[in-house]
Amino acid sequence: MTDSTAAPGDPVPSYPPAEIAAAWRRERPGTPTESIEIVTPIWWLAKLFADDRGRVLREAGIDAATLDLLSVIRRSGPPYALSTREIARRTLVTAGAISQRVARAERDGLVRRAPGGTARRTVLVSLTADGHALIERSVDAVLGREAGLVSDLSADERDLLITLLEKLMADVRRRTGHAGS
């Protein structure tokens with residue numbers, strides 16, 4: 001964001017959320033500004049994290065949807081196989097999107113599909129050796145990078161932030177009707 005009151009040629013000042021809130025209070029007294037210093041940095045951080053993760057994923061040779069698919073299967077533990085229904089439940093992605101992701105990953109040799117047990121329509125998706133190797137490399141790259149991005153926070157600060165974010169997430173989900181998400 002830039003300050004539209006700056007004269008041409010003036011250096012562009014930083015415009016932190018506190019300044020945004022103060023400007024709204026000055027320009028429109030009574031405007032609810034309590035959220036600005038919380039929500040604005042969250043949006044900015046989300047953009048920074050997303051852009052950085054995208055770069056790390058490109059370098060690792062994987063896209064976000066494939067990372068999500070392979071990660072949920074890998075986290076399930078041996079034998080690294082889940083039904084498509086369970087994958088959809090754990091990723092909060094529609095069954096149609098899961099079907100497309102699985103088909104693409106299968107074409108790329110990262111997963112294989114097989115009939116799953118007693119239910120006729122159940123399909124189990126499992127990691128191939130190539131899929132397992134890719135997720136191992138990718139998760140190390142992504143989580144290692146993200147751990148570095150938050151490394152300036154002490155353990156106590158991270159614990160406090162986790163607690164506050166969990167509380168905020170639960171409350172926002174409840175207030176927006178996404179309590180089950």
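Source: prediction; values computed, not measured. (Residues numbered from 1 in each chain as written. Predicted model: local features only at pLDDT ≥ 70, side-chain atom pairs only at ≥ 80, totals over all residues. Heavy atoms only, no water.)

Caption draft 1: Layout of the sheet that holds strand β3 (residues 123–127). With respect to topology, 3 strands assemble into an open sheet ordered β1-β3-β2, the strand pairing being antiparallel. A single partner strand is all that each edge strand has here, and the edge strands are β1 (81–83) and β2 (111–115). Adjacent strand axes in the sheet meet at a mean angle of 30 degrees when their direction is disregarded. Bridge count for β2 against β3 is 5 bridges, and the pairing is antiparallel. By the bridge assignment, R113 is partnered in β3 with V125. In this fold helix α5 (residues 95–107) packs onto β2 and β3, with an angle of close to 115 degrees to the strand it touches most, β2. (Pairing = 2+ DSSP bridges. Helix = DSSP H or I, 4+ residues; strand = E, 2+ residues; numbered from the N terminus. Axes fitted to C-alpha atoms, helices over the stretch in contact; angles between N-to-C directions. Contact = heavy atoms within 4.5 Å.)

Caption draft 2: Focus on the environment of A95. Along the polypeptide, A95 turns up in helix α5. In the structure, A95 is positioned 10 residues away from R85 in sequence and 6.9 Å away in space, judged by C-alpha atoms.

Caption draft 3: Local environment of the nonpolar core. Within the largest apolar cluster, 23 residues are counted, with the highest numbers of intra-cluster contacts made by L70, I73, I87, V111 and L127. For this core, the secondary structure elements donating two or more residues are α2 (36–60), α3 (64–75), α4 (84–91), α5, β3 and α6 (129–149). Among the elements that make up this core, the one with the highest residue count is α3 (5 residues). If we ignore the near neighbours within four places in the chain, the residues touching I73 are Y80, A81, L82, I87, V111, V125 and L127. (Core = buried A, V, L, I, M, F, W, Y, C linked by side-chain atoms within 4.5 Å. Buried < 20%, exposed > 50% of the residue type's maximum accessible area, 1.4 Å probe, protein only.)

Caption draft 4: Inspection of the packing of α3 against α6 at higher detail. Where α3 meets α6, the closest approach of the two axes is 10 Å, and the angle between their N-to-C directions is 105 degrees. The orientation of α3 with respect to α6, classified from their angle, is roughly perpendicular. On the side of α3, the interface is formed by L67, L70, S71 and R74, while α6 contributes G131, H132, L134, I135, E136, S138 and V142. A breakdown of the residues in the contact of α3 with α6 according to their chemical character gives 5 nonpolar, 4 polar and 2 charged. (Parallel < 35°, antiparallel > 145°, perpendicular 65-115°, else oblique. Nonpolar A, V, L, I, M, F, W, Y, C, P; charged D, E, K, R; others polar.)

Caption draft 5: Representation of unusual backbone geometry. That bond from P78 to P79 is cis: its omega, 10 degrees, falls within 30 degrees of zero. Turning to its location among the elements, P79 is positioned in the loop between α3 and β1. Even without a glycine there, the phi angle at Y80 is positive, about 55 degrees. Phi is positive for L92, close to 60 degrees, though the residue is something other than glycine. Take L92: it is sitting in the loop between α4 and α5. L92 gets classed as exposed once you look at its relative accessible area, which sits at 60%.

Caption draft 6: Structural context of α3. With 12 residues, α3 should reach 16 Å at 1.5 Å per residue; the first-to-last C-alpha distance of 16 Å fits that figure. Within α3, burial applies to A65, T66, L67, L69, L70, S71, V72 and I73. For α3, the capping residue at the N-terminal end is D63, with a side-chain oxygen 3.0 Å from the backbone nitrogen of A65. At the C-terminal side of α3, G77 shows a positive phi close to 85 degrees. (Expected span 1.5 Å × (residues − 1). Polar contact = N/O pair within 3.5 Å; in protein donor to acceptor, adjacent residues only side chain to side chain.)

Caption draft 7: The arrangement of the pattern of salt bridges in detail. If you walk through the whole model with that rule in mind, you get 14 salt bridges. The partner of D171 in a salt bridge is R175, and the shortest N-O contact between them spans 2.8 Å. One end of the pair, D171, and the other, R175, are both in helix α7 (residues 155–176), 4 residues apart, so they sit about a helical turn from each other. Judged by relative accessible area, which is 63%, R175 ranks as exposed. Salt bridges sharing common partners tie together D52, R55, E59 and R145. (Salt bridge = Lys/Arg side-chain N within 4 Å of Asp/Glu carboxyl O.)

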